[in-house]
Amino acid sequence: MNNDIKNNWQLDELKRIYNQPFNDLIWQSHTLHRNYHDPNKIQVSTLMSIKTGGCPEDCKYCSQSIRYKTGVEIEKTLPLNEVVKQANEAKNQGASRFCMGAAWRNLNDSNLKKVIEMIKEVKKLKLETCMTLGMLTKIQAEKLKNAGLDYYNHNLDTSKEYYSQIITTRTYEDRLKTLENVRDVGLKVCSGGILGLGESIEDRIKLIKELASLEVQPESVPINMLVQIKGTPLFDSDVVDEFDFIKIIALARITMPKSYIRLSAGRDTMNDQTQALCFFAGANSIFYGEELLTTKNSPINHDQDLLKKLKIDLT
Ligand code: SAM
Ligand code: DTB
Ligand code: SF4
């Protein structure tokens, strides 16, 4: 237990919760959601790719791995003024957090200097800052924290058991180590995963178990639906049943009641009713903006209409 939050869930217990009748599961998750959060408010983050493509890693879902022919053009790290310009636009559109992502295996020292400048400038706009730059050492994490970074995103992606089917160039333990480094220096942790990689339902439940078992649970938990990218090994994989997706959101809410659960990539292909059920089940954060990193997000005017219909306000 950590601050009254249970983090010693057993797999059998989680399976029992997940396998309840749909209405019982959603009732349970929504009830908990109301105890910890305002059900009619969501947090919005805007994503920006500060360094696109050419990544040496082999993540089988990713458009930015150099190993797959996906048509994504390799770009250099973007200049500071471009980052500040996009952060300003995000703020004007209502985002409270600006997340900067780079197609790196890990952060190196010359890039560290550049991202520190970005953090400092984005902070001046009174936005929360988040970065996702690959693996981090504790010393690097500390430097980012000192520059004013609020959150670091590093996903576990899937279960420990299924992970090696998806990525071979770094281990699950490497990912856990980065999360530990981030936590140790006092940064807030954003960590979640992807559904639709060909994993079993049990793998999905195990992913949630891993996240919920961290000594301090992540403040932010992005649940992505695979965006299928032509040219990657996972293109044309079986699509996730939307009820199964909603059930994982519910399980994340039940096991991590205080966390923000982000309905992340994949909203573009989800209908409004599915998204509304995800919000009911406990999702209370989204990415807002025309683009994710290299793919389209749900259009802003569409999101605004949906939130208006549901009478959900931005935090
Ligand atoms: N390169 C860094 C890393 O992998 O840690 C940071 C950027 S990476 C694109 C961040 C996360 O985006 C991945 O861990 C993965 O969970 C998610 N992601 C990447 N491509 C995706 C896709 N096609 N569909 C859904 N999620 C994806
Ligand atoms: C996360 O969990 N999802 C975001 C963010 N963290 C970095 C990334 C989604 C990427 C979707 C595919 C793309 O646009 O390339
Ligand atoms: Fe590289 Fe990150 Fe894409 Fe993996 S997910 S290939 S590490 S950019």
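Analysis parameters
Residues numbered from 1 in each chain as written. Chains lettered and ligands numbered in written order. Predicted model: local features only at pLDDT ≥ 70, side-chain atom pairs only at ≥ 80, totals over all residues. Heavy atoms only, no water. Near = heavy atom within 4 Å. Polar contact = N/O pair within 3.5 Å; in protein donor to acceptor, adjacent residues only side chain to side chain. Areas by Shrake-Rupley, 256 points an atom, 1.4 Å probe, with all protein chains shown as cover. 1 Å grid on protein atoms, 1.4 Å probe; cavity = no way out; pocket = protein on both sides within 12 Å on 5 of 7 lines; lining within 4 Å. Sits in = over half its atoms within 2 Å of the grid points. Nonpolar A, V, L, I, M, F, W, Y, C, P; charged D, E, K, R; others polar. Axes fitted to C-alpha atoms, helices over the stretch in contact; angles between N-to-C directions. Helix = DSSP H or I, 4+ residues; strand = E, 2+ residues; numbered from the N terminus. Left-handed = near helix turned anticlockwise from the far one by under 90°. Contact = heavy atoms within 4.5 Å. Core = buried A, V, L, I, M, F, W, Y, C linked by side-chain atoms within 4.5 Å. Buried < 20%, exposed > 50% of the residue type's maximum accessible area, 1.4 Å probe, protein only. Points joined across faces, edges and corners; volume = space filled by probe spheres on them. Expected span 1.5 Å × (residues − 1). Arc of directions from axis to C-beta.

**Q** Is there a simple way to explain the site of ligand 2 in this structure?
**A** What surrounds ligand 2 is a group of 13 residues, the closest being N155, N224, L293, T294 and T295. Between ligand 2 and T295, the relevant distance is 2.8 Å, taken from an oxygen atom to a side-chain nitrogen or oxygen of the residue. Coverage of ligand 2 by the protein amounts to 86% of the 410 Å² it exposes when considered alone. Mapping ligand 2 onto the cavity grids shows that it belongs to the largest cavity. Residue composition of the shell around ligand 2, by class: six nonpolar, seven polar and no charged.

**Q** I tried to follow the packing of helix α1 (residues 11-18) against helix α7 (residues 201-212) on my own but got confused; where do I start?
**A** Think of two packed helices as two axes; the pair is described by the angle between the axes and how far apart they sit. Relative orientation of the contacting elements α1 and α7 amounts to 115°, with a least axis distance of 10 Å. Once α1 is placed against α7, the crossing between them reads as right-handed. Of the residues in α7, those in contact with L11, L14, K15 and Y18 of α1 are I201, E202, I205, K206 and K209.

**Q** I'm lost on the nonpolar core in this one. Help?
**A** Side chains of a nonpolar character, in soluble globular proteins, are inclined to be buried together. One finds Y61, L133, L144 and F245 to be the most contacted residues of the largest nonpolar core, which totals 88 residues. Per element, the largest residue contribution to this core is eight residues, and it comes from helix α8 (residues 242-255). With residues near it in sequence (within four places) discarded, L144 still touches L107, L112, V115, I116, I119, L133, L136, L149 and Y152. Counting residues in hydrophobic clusters, the runner-up holds seven residues, among them L47, C99, C130 and A265.

**Q** I tried to follow empty space enclosed by the protein on my own but got confused; where do I start?
**A** Gaps between atoms show up when a probe of the same size as a water molecule is rolled over them. This model, assessed by the stated rule, comprises one cavity of 30 Å³ or more. Reported here for the largest cavity is a volume of approximately 870 Å³. Forming the boundary of the largest cavity are 40 residues, of which Y61, C62, Q64, N155 and L293 lie nearest the centre. Elements represented by at least two residues in the lining of the largest cavity include exactly β2 (97-102), β3 (128-132) and β7 (220-225). Here the lining of the largest cavity is built from residues that sort into 22 nonpolar, 13 polar and five charged.

**Q** Help me out: how do you make sense of helix α3 (residues 80-92) in this one?
**A** One full turn of an α-helix is made of 3.6 residues, so residues set three or four places apart face in the same direction. End to end, α3 covers 19 Å across 13 residues, agreeing with the expected 18 Å (1.5 Å per residue, within 8%). Residues of α3 that are buried: V83, V84, A87 and A90. In an axial view of α3, the angular spread of the buried residues amounts to 120°, which keeps them on one side of the axis. For α3, the exposed residues lying more than 90 degrees away from the buried face are N81 and N92. Packed against the buried residues of α3 are β1 (41-51), β2 and α4 (109-124). Downstream of α3 by one or two residues, G94 has phi in the positive range, about 110°.

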